[in-house]
Amino acid sequence: MSFITVSSRSATPLRRQIYDECRHGILAGRFRPAERVPSTRDLAVTLSVARTTVAEAYDQLIAEGYLEAVRGSGTFVCSQLPQAIPPAPPQLAKHPLIRLSRYGAGLTQDVLRPSPPPGVIHFTTGTPDLREFPFSLWRQLLTRHLRTAKTATFDYAADPAGDPALRAQVASYAARIRGVSCSPEQVVIVNGSQQALDLSVRVLLERGDSVAFENPGYYAAHRIFRAHGARLQPLPVDAEGVVLRRLAADTRMIYVTPSHQFPTGVAMSVARRLELIRMARERGTVILEDDYSSEFRYSGAPLPSLQGLSNDAAVIYMGTFSKVMFPALRIGYVIVPPQLIETFRCAKWLADRHAPGLEQAALAEFMREGHLDRHIRRMRRLYGQRRSALLEALEKNFGARATVLGDAAGMHVMVRFEDPAIARRAARNRVWLPSADQNYLTNPPGNEFIFGFAALTERSIREGIRRIAGSG
Ligand SMILES: Cc1ncc(COP(=O)(O)O)c(C=O)c1O
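For clarity, every value in this text was computed on a predicted model and none was experimentally measured.

Engineer: Before we move on, can you summarise the site of the ligand with the specific residues and values?
Structural biologist: Near the ligand lie 13 residues; those nearest to it are Ser 193, Asp 290, Thr 320, Ser 322 and Lys 323. Ser 193 has a polar backbone atom sitting 2.7 Å from an oxygen atom of the ligand. Measuring from an oxygen atom of the ligand, one finds a side-chain N or O atom of Thr 320 at 2.6 Å. A per-class count over the shell around the ligand returns four nonpolar, six polar and three charged.

Rendered as structure tokens:
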């Protein structure tokens, strides 16, 4: 490889720059499968950085299946790259006659979700166990709606905010399960919570506005704010959730994940919730509450949503069916203050008209007939067992050398290791283990990983942990 460049003046940590440059080079086909890459020592000398910085970037690339280390011969671009690596999106390639907008120019491929190579144990963070979803029932519901549909069902929907029956179901579900206080009119059905975020940013944020963000925090939210030119204000996270002491006076927006902070997994305490609501009210800050997996809590009752506590503070509440049903459904919801209903309806119409009608109708019925509640109860039991299996396996194989963060909730746990060779061992032993690094706005401490346990059997979880401990 005529290799890569990094800048010591960039705000992006050097390790991240090396990782990004290599990954982009591989994705764009500049570095070919089976091509040798410089040794960590050579690259460190060329770039004038510490060798451990290069080694850490390489470890992550190895863990994700982009590079492979061959004992005694060196490090190579994987001959079998992760499948379904998307080709370089056109907007990332330069065209002599096309000038990108600032938004377009701000997009980088790290917004995409890499797919693991086949045959690995994949601790996937975002995916529920799809084998357990009652698809035959879902098929019946869709068929029933298709059979009885009138011509109008196939026209543009009358309301961009969604099917009225589904909005009513969502309003009562959010009130019952999450203590959200709203009318069905405040519910806008969107294409997953990612669209809820995108619409919120479009209608509420100017370039250069200050957005406070949990650090570490959900990278896909961070990338949206960054692409829209927000000034990001990283706030640390402690055992009670996001730390607000340094919340700037001019903060326009704060993004939080109070029921299961992403990625650390801590639940925001009541005291912190009240402090956030008070400070947001004083500063005129809009709170974006992403309640992405609050349904999965394995001990005690979940704390009700921030939205339900907020009185007159401006909270935009987002929920999704990606975790409790399946991600390809692409249905989520945003619950907005009454004054924003019309703005969100117009923004949704301009963005993509409305969510697909048949799926919305089938989902409303799935909820009305109690199938969603039943499925969640069953998954909560199953995921609780898987989480316990994961914690036991970590304890057995690592003991005090692994620190598990967060509460008994959600579909993943974040783990901090002492052993710097975890990523390398995971890659060598065919375990796909997401690093927590990309969720940091500042230099990541490294050696932190996110173990999604929901989609793996207890047996695979135990086997995966044995493999990364070097005993598999
Ligand atoms: C913090 C967080 N919010 C939201 C989502 C869900 O996104 P969507 O509803 O667009 O599928 C995820 C999925 O991984 C997530 O981790």
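After presenting the structure, the write-up continues.
Engineer: Hey, could you go over the domain arrangement of the chain for me, with residue numbers and the actual values?
Structural biologist: Taken as a whole, the chain is organised into domain 1 (14-99), domain 2 (121-133 + 373-469) and domain 3 (154-369). A straight line from the C-alpha centre of domain 1 to that of domain 3 covers 35 Å.

Engineer: Provide a residue-level description of empty space enclosed by the protein, including the pertinent values.
Structural biologist: Following the criterion strictly, the structure yields one cavity of 30 Å³ or more and no others. Of the voids in this model, the largest cavity is the one considered here, and its volume is about 50 Å³. When the residues that make up the lining of the largest cavity are grouped by side-chain class, the tally is five nonpolar, four polar and two charged.

Engineer: Tell me about the pattern of salt bridges, and name the residues and values.
Structural biologist: Pairing between side chains of opposite charge can happen when their charged atoms approach one another. Using the criterion set out here, one finds 30 salt bridges in the structure. The salt bridge involving Arg 16 is made with Asp 20; its shortest N-O contact spans 3.1 Å. You can see Arg 16 and its partner Asp 20 sitting in helix α1 (residues 14-27), four residues apart, about one turn around the helix. One exposure class covers both Arg 16 and Asp 20, and it is buried. Residue Arg 167 is joined to Asp 159 by a salt bridge in which the shortest nitrogen-to-oxygen separation is 2.9 Å. With a relative accessible area of 9%, Arg 167 lands in the buried category. Here the salt bridges do not stand alone but share partners, grouping Asp 159, Arg 167, Glu 342 and Arg 345 into one network.

Engineer: So what's going on with a nonpolar patch on the surface? Residues and values would help.
Structural biologist: There is a patch of nonpolar side chains on the surface, built from Val 270, Leu 274 and Leu 309 and spanning about 220 Å² of accessible area. Structurally, the position occupied by Leu 274 is in helix α9 (residues 270-283).

Rules and cut-offs
For every chain, the first residue of its written sequence is number 1, and the numbers climb from 1 along that sequence. Note on the predicted model: pLDDT of at least 70 is required for a residue's local features to be given, and 80 or more for side-chain atom pairs to be given and counted; whole-chain, interface and lining totals, by contrast, use all residues. Values shown for side chains rest on all heavy atoms present in the structure; no hydrogens or waters enter the calculation. If even one non-hydrogen atom of a residue comes within 4 Å of a molecule or strand, that residue is called near it. In protein, a polar contact requires one atom able to donate a hydrogen and another able to accept it; more generally it is a pair of N or O atoms within 3.5 Å, and residues adjacent in sequence count only if both atoms are side-chain atoms. We call Asp, Glu, Lys and Arg charged. Ala, Val, Leu, Ile, Met, Phe, Trp, Tyr, Cys and Pro are nonpolar, and the rest, Gly among them, are polar. Domain delimitation in this document rests on an assignment produced automatically or drawn from a domain database. Here a cavity means grid points, on a 1 Å grid over the protein atoms only, where a 1.4 Å probe fits yet cannot get out; a pocket means an open set of points with protein on both sides within 12 Å along at least five of seven lines; lining residues are those with an atom within 4 Å of a point. Grid points are joined across faces, edges and corners, and a volume is the space filled by probe spheres set on the points. Take a side-chain nitrogen of Lys or Arg and a carboxyl oxygen of Asp or Glu: if they are within 4 Å of each other, that pair is a salt bridge. Runs of H or I in DSSP of at least four residues are treated as helices and runs of E of at least two as strands, each being numbered from the N terminus. Classification of residues uses two cut-offs on accessible area relative to the type maximum, computed with a 1.4 Å probe and protein chains only: under 20% is buried, over 50% is exposed, and between them is partly exposed. Patch construction takes residues with relative accessible area above 30% that form no salt bridge. Like charges are linked within 9 Å, and nonpolar side chains (Val, Leu, Ile, Met, Phe, Trp, Tyr) are linked within 5 Å. Per-residue and other accessible areas follow the Shrake-Rupley method at a 1.4 Å probe size, with only the shown protein chains counted as cover for residues.

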